[in-house]
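Results of the structural survey
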Amino acid sequence: MTFSRTLKIAPSILSADFANFGQEIEAVEAQGADWIHVDVMDGHFVPNLTFGPPLVKAIRPHIKTVMDVHLMIAPVDPYIDAFADAGADVITAHVEAGPHIHRTLQAIRAAGCKAGVALNPGTPAETVDYLLDMVDLICVMTVNPGFGGQKFIESQVEKVRRLRAMIGDRPIHIEIDGGITPQTAPLMRAAGADVLVAGSAVFKGGSVKDPAPYGENIRAIRTACDTLV
Ligand code: DX5
Ligand code: ZN
């Protein structure tokens, strides 16, 4: 993974067919996905449950791009090695998920993965002030984590602008997660984001048997960002 601030669209498999992850991932990559975003939920840190390390390991061979694992779990530290062993390229943990985010990020890098930190909508940008030398990605949640298909929270545009200024020349990705559409994506791209997670906006209207809409949906987000004034 070489660092760059070029735009990356990361479809979230939370909106894919859960009975068919392998083919869904292959379809969405063939249609132009840059990264694959994998949402892990524990029914405790967030009010929804998805899957754990065995599933993540099972889908790894189907991913040719980057496996971006978003952990919405508490505690997180006991599971880091399992997700690293499952083949994660990036592991992102929430600052709100425990008292020791610094230790968590150290553990993610020690496990050989890129370290991401996620901020809920109510968490200020300044929370990452003393973490900037140890993160590879900052994920700004633009919905409250737990479910796909929620409405974009506009106040987070300002947070991204602030984070972009704080980051300066450091090789840190800014990722946006939640409510990304061709309408909201350009706001975040202009504010300084380079990774846009999109679940419902990518998977709507398509299927593994008819994957062309995935490509159209990805291109619609990309084009909206490219035509920024
Ligand atoms: C929400 C997840 C997101 C979600 C985004 O908790 O972290 O990745 O899948 O879904 P959309 O793009 O539908 O808001
Ligand atoms: Zn996510």
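Right above here is the structure, for reference.
Below, the structure is looked at part by part. (Residues numbered from 1 in each chain as written. Chains lettered and ligands numbered in written order. Predicted model: local features only at pLDDT ≥ 70, side-chain atom pairs only at ≥ 80, totals over all residues. Heavy atoms only, no water.)

A separate point is the pairing of strand β2 (residues 35-41). Of all the seven residues making up β2, seven are buried; the element is thus mostly covered by neighbouring parts of the structure. Burial along β2 is two-sided: Trp35, His37, Asp39 and Met41 facing one way and Ile36, Val38 and Val40 facing the other are all buried. Both β2 and strand β3 (residues 66-72) contribute to a ladder of seven bridges, which runs parallel. Across the sheet, Val38 pairs through a bridge with Val69, a residue of β3. Following the chain from β2 across helix α2 (residues 53-59) to the adjacent parallel β3, one finds a crossover that is right-handed. (Buried < 20%, exposed > 50% of the residue type's maximum accessible area, 1.4 Å probe, protein only. Helix = DSSP H or I, 4+ residues; strand = E, 2+ residues; numbered from the N terminus. Pairing = 2+ DSSP bridges. Right-handed = clockwise from strand over helix to strand, strands pointing away.)

One number sums up the size of the largest pocket: a volume of about 280 Å³. Lining the largest pocket are 27 residues, and of these Gly148, Gly149, Asp177, Gly178 and Gly179 sit closest to its centre. Class assignment for the residues of the lining of the largest pocket results in twelve nonpolar, 13 polar and two charged. (1 Å grid on protein atoms, 1.4 Å probe; cavity = no way out; pocket = protein on both sides within 12 Å on 5 of 7 lines; lining within 4 Å. Points joined across faces, edges and corners; volume = space filled by probe spheres on them. Nonpolar A, V, L, I, M, F, W, Y, C, P; charged D, E, K, R; others polar.)

On to the sheet that holds β3, then. The strand order across the open sheet formed by eight strands is β1-β8-β7-β6-β5-β4-β3-β2, and the pairing between neighbours is parallel. Edge positions in the sheet fall to β1 (8-11) and β2, since each of these pairs with one other strand and no more. On average, adjacent strands in this sheet sit at an angle of 25° to one another, irrespective of strand direction. Bridge count between strand β5 (residues 114-119) and strand β6 (residues 137-141): four bridges; the pairing is parallel. Bridging across to β6, Ala118 finds its partner in Cys139. Along the sheet, helix α4 (residues 101-110) contacts β4 (90-94) and β5; its crossing angle with β5, the most-contacted strand, is approximately 150°. (Axes fitted to C-alpha atoms, helices over the stretch in contact; angles between N-to-C directions. Contact = heavy atoms within 4.5 Å.)

Here the zinc ion (ligand 2) is held by the protein donor atoms His37 (NE2), Asp39 (OD), His70 (ND1) and Asp177 (OD), which lie 2.0 to 2.3 Å from it. As a motif over one chain, the donors of the zinc ion (ligand 2) read H-x1-D-x30-H-x106-D. Of the two residues, Asp39 sits in strand β2 while His70 sits in strand β3, which places them 31 residues apart along the sequence. Each member of the pair, Asp39 together with His70, is buried. (Donors = N, O, S within 2.8 Å, 3.2 Å for Na, K, Ca; no water.)

As a matter of local geometry, ligand 1 sits amid 20 residues, with Asp39, Gly146, Asp177, Gly199 and Ser200 nearest to it. Within the contact set of ligand 1, an oxygen atom lies 3.0 Å away from a side-chain nitrogen or oxygen of Ser12. Taking Gly199, its main chain carries an N or O atom lying 2.7 Å from an oxygen atom of ligand 1. Considered on its own, ligand 1 offers 380 Å² of accessible surface; in the complex 100% of this is hidden by protein. One can see that ligand 1 is located within the largest pocket. At the level of secondary structure, the elements contributing two or more residues to the shell around ligand 1 comprise β2, β3 and β8 (195-198). If you tally residues by element for the shell around ligand 1, the top one is β2, at three residues. Considering only residue class, the shell around ligand 1 consists of eight nonpolar, ten polar and two charged. (Near = heavy atom within 4 Å. Polar contact = N/O pair within 3.5 Å; in protein donor to acceptor, adjacent residues only side chain to side chain. Areas by Shrake-Rupley, 256 points an atom, 1.4 Å probe, with all protein chains shown as cover. Sits in = over half its atoms within 2 Å of the grid points.)

On to the environment of Gly199, then. Inspection of the secondary structure puts Gly199 in the loop between β8 and α7 (200-203). Looking at Gly199, the relative accessible area reads 15%, which means it is buried. Ignoring any residue separated from it by four or fewer positions in sequence, one finds Gly199 in contact with Ser12 and Ser15.

Moving on: helix α1 (residues 21-30). Across the ten residues of α1, seven count as buried, placing the element largely inside the fold. Those residues of α1 that fall on the buried side of the exposure criterion are Phe21, Gly22, Glu24, Ile25, Ala27, Val28 and Glu29. Buried residues in α1 make contact with β1, β2, α2, α7 and α8 (212-226). Of the residues one or two after α1, Gly32 is the one with positive phi, at around 115°.

Within the secondary structure, Lys8 is located in strand β1. One polar contact links the side chain of Lys8 to the main-chain carbonyl oxygen of Ser4, over a distance of 2.8 Å. Each residue touching Lys8, except ones within four places of it in the same chain, is listed here: Asp34, Trp35, His173, Asp194, Val195 and Leu196.

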